[in-house]
Amino acid sequence: MLADLTANSVADALARRETKPLADVEAAALARPPALDALEALRPASHIKIIAEIKRSSPSRGALAQIADPAALARSYELGGASAISVLTEGRKFGGSLADLEAVRAAVALPVLRKDFIATPYQVFEARAAGADLVLLIVAALDDTTLRELYDLIVALGMTPLIETHSADELERAAALGAQLIGVNARDLSTFELDRDLFGRLADRFPDGAVRVAESAVLSPADVAHYRASGADVVLIGEALVTGDPIANLSAFLAV
Ligand SMILES: O=C(O)c1ccccc1NCC(=O)[C@H](O)[C@H](O)COP(=O)(O)O
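Predicted model, so just to flag it, every value in this text is computed and none were measured. (Residues numbered from 1 in each chain as written. Predicted model: local features only at pLDDT ≥ 70, side-chain atom pairs only at ≥ 80, totals over all residues. Heavy atoms only, no water.)

## Some words on the pairing of strand S10 (residues 234-237)
In summary, the side chains of a regular strand alternate between the two faces of the sheet.
Right, so step 1: Alternating residues of S10 divide into Val234 and Leu236 and Val235 and Ile237, and every residue in both groups is buried.
Right, so step 2: Judged from the four bridges that link them, strand S1 (residues 49-54) and S10 form a sheet pairing that is parallel. Pairing of Ile50 across the sheet is with Val235, part of S10.
Right, so step 3: Where strand S9 (residues 211-215) meets S10, three bridges bridge the pair, whose relative direction is parallel. Along S10, the bridge assignment pairs Val213 with Val234.
Right, so step 4: Regarding topology, helix H10 (residues 221-229) serves as the crossover connection from S9 to the parallel S10, and that connection is right-handed. (Buried < 20%, exposed > 50% of the residue type's maximum accessible area, 1.4 Å probe, protein only. Helix = DSSP H or I, 4+ residues; strand = E, 2+ residues; numbered from the N terminus. Pairing = 2+ DSSP bridges. Right-handed = clockwise from strand over helix to strand, strands pointing away.)

And the structure:
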């Protein structure tokens, strides 16, 4: 499933490239004001930090929320105390787009993450051209050569890579990159199974100094407290924020 999601995202990017050649997207990326310092925004603090996600639907849960105005939702997230915004830009299964990312970028002063199945430099340039400050790279979807190439390109463009893992081996590959922002996704992206204890089992394998992000499966303040007690600096939350009152939920999650 992860392989299909990635192949589809790459195919969609190739189709966009027909009308927007790489040189144009690269020029647009370089013309953007500098990316915001996401590492500073997410650095460990005395309280948990939250990356709040714009997520309309997903392969595991189907339709979640219409989100007619992603910019308005992002403003609510900012008002509610989120430290960064994640925008799912994949169109087929998540109902997202680069237009969502651009709208969110224009609406908030927080760092914005492009969350997609990134496997080509073109997609990285697209992210910067749309105003992203962070780009997700999923270790399980990439060989080491591609992972290194994309990681270096994200950094060269002034953005921060968020390196997503789901096992001890993948954490080692993230550490070998020199990654400073590393996530453990509780969701197995092939089976969709959720394991809220995975983060805790891997927490002591993060490289020294890396910001530790627990991704997925937060439905209640107790889930945030569980991740925090296991060593998370940051949690990334989608479903619980798009299906409830975002400001009230953020407030409850930040109070743990
Ligand atoms: O959410 C899914 O079903 C999914 C399936 C396959 C690949 C990726 C998927 N989601 C991306 C994410 O990692 C989540 O949107 C994100 O971590 C937030 O998760 P949640 O709070 O559980 O909505």
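## With respect to the nonpolar core
Right, so step 1: If you look at the biggest cluster of nonpolar residues, it comprises 71 residues, and the most contacted ones within it are Ile54, Tyr77, Ile85, Leu137, Tyr227 and Ile237.
Right, so step 2: The residues touching Tyr77, leaving out its near neighbours within four places in the chain, are Ala52, Glu53, Ile54, Ala82, Ile85, Leu241, Val242, Pro246 and Leu250.
Right, so step 3: Core analysis: the next-biggest nonpolar cluster, separate from the first, contains 20 residues, Ala38, Leu113, Leu136 and Ile138 among them. (Core = buried A, V, L, I, M, F, W, Y, C linked by side-chain atoms within 4.5 Å. Contact = heavy atoms within 4.5 Å.)

## Comments concerning the packing of helix H2 (residues 22-31) against helix H6 (residues 121-129)
Right, so step 1: Following both chains from N to C, one finds H2 and H6 inclined at 40°, their axes separated by 7 Å at the closest point. Taken together, the axes of H2 and H6 lie oblique to each other. Our pair here, H2 against H6, has a crossing hand that is left-handed. Side by side, H2 and H6 meet where Leu22, Val25, Glu26, Ala28 and Ala29 of the first sit next to Tyr122, Phe125, Glu126, Arg128 and Ala129 of the second.
Right, so step 2: Across the contact of H2 with H6, the residue classes break down as seven nonpolar, no polar and three charged. (Axes fitted to C-alpha atoms, helices over the stretch in contact; angles between N-to-C directions. Parallel < 35°, antiparallel > 145°, perpendicular 65-115°, else oblique. Left-handed = near helix turned anticlockwise from the far one by under 90°. Nonpolar A, V, L, I, M, F, W, Y, C, P; charged D, E, K, R; others polar.)

## Overview of helix H5 (residues 98-107)
Right, so step 1: Every buried residue of H5 is accounted for by Leu98, Asp100, Leu101, Val104, Arg105 and Ala107.
Right, so step 2: In this structure, the buried side of H5 is in contact with helix H1 (2-19), S1, helix H4 (70-80), strand S4 (84-88), strand S5 (112-115) and H6.
Right, so step 3: The opening residue of H5 is Ser97, an N-cap whose side-chain oxygen sits 3.3 Å from the backbone nitrogen of Ala99. (Polar contact = N/O pair within 3.5 Å; in protein donor to acceptor, adjacent residues only side chain to side chain.)

## Section: the side chain of Thr89
Right, so step 1: Considering the arrangement of structural elements, one finds Thr89 in the loop between S4 and H5.
Right, so step 2: On the basis of relative accessibility, which here comes to 7%, the residue Thr89 falls in the buried class.
Right, so step 3: Excluding residues within four positions of it along the chain, Thr89 makes contact with Gly96, Ser97, Leu98, Leu101, Arg114, Lys115 and Asp116.

## Let's talk about the packing of aromatic side chains
Right, so step 1: Applying the stated criterion across every chain yields a total of three aromatic pairs.
Right, so step 2: Between the aromatic rings of Phe94 and Phe117, the centroid separation amounts to 5.8 Å while the plane-to-plane angle is 35°, which identifies the pairing as tilted. Remark: Phe117 occurs in the loop between S5 and H6 and Phe94 occurs in the loop between S4 and H5; sequence separation between them is 23 residues. Of the two residues, Phe94 and Phe117, neither departs from the other in class, the shared state being buried. (Phe/Tyr/Trp six-rings, centres within 6.5 Å; stacked < 30°, edge-to-face > 60°.)

## Regarding helix H8 (residues 168-177)
Right, so step 1: Among all positions in H8, only Glu170, Leu171, Ala174 and Leu177 are buried. Down the axis of H8, the smallest arc covering the buried residues is 110°, so these residues share one side. With respect to the buried face of H8, the exposed residues turned more than 90 degrees away are Asp169, Glu172 and Ala176.
Right, so step 2: Where H8 is buried, its residues contact helix H7 (144-156), strand S7 (160-165), strand S8 (181-185) and helix H9 (198-202).
Right, so step 3: Downstream of H8 by one or two residues, Gly178 has phi in the positive range, about 85°. (Arc of directions from axis to C-beta.)

## Section: the sheet that holds S4
Right, so step 1: Taken in spatial order, the eight strands line up as S1-S4-S5-S6-S7-S8-S9-S10 and close into a barrel, and their pairing is parallel. For this sheet, the mean inter-axis angle between neighbouring strands, taken without regard to orientation, is 25°.
Right, so step 2: In this sheet, S4 lies alongside S1 in parallel orientation, the contact comprising four bridges. Bridge pairing links Ala52 to Ile85 in S4.
Right, so step 3: Strands S1 and S4 of the sheet are contacted by H4, whose axis makes an angle of about 165° with S1.

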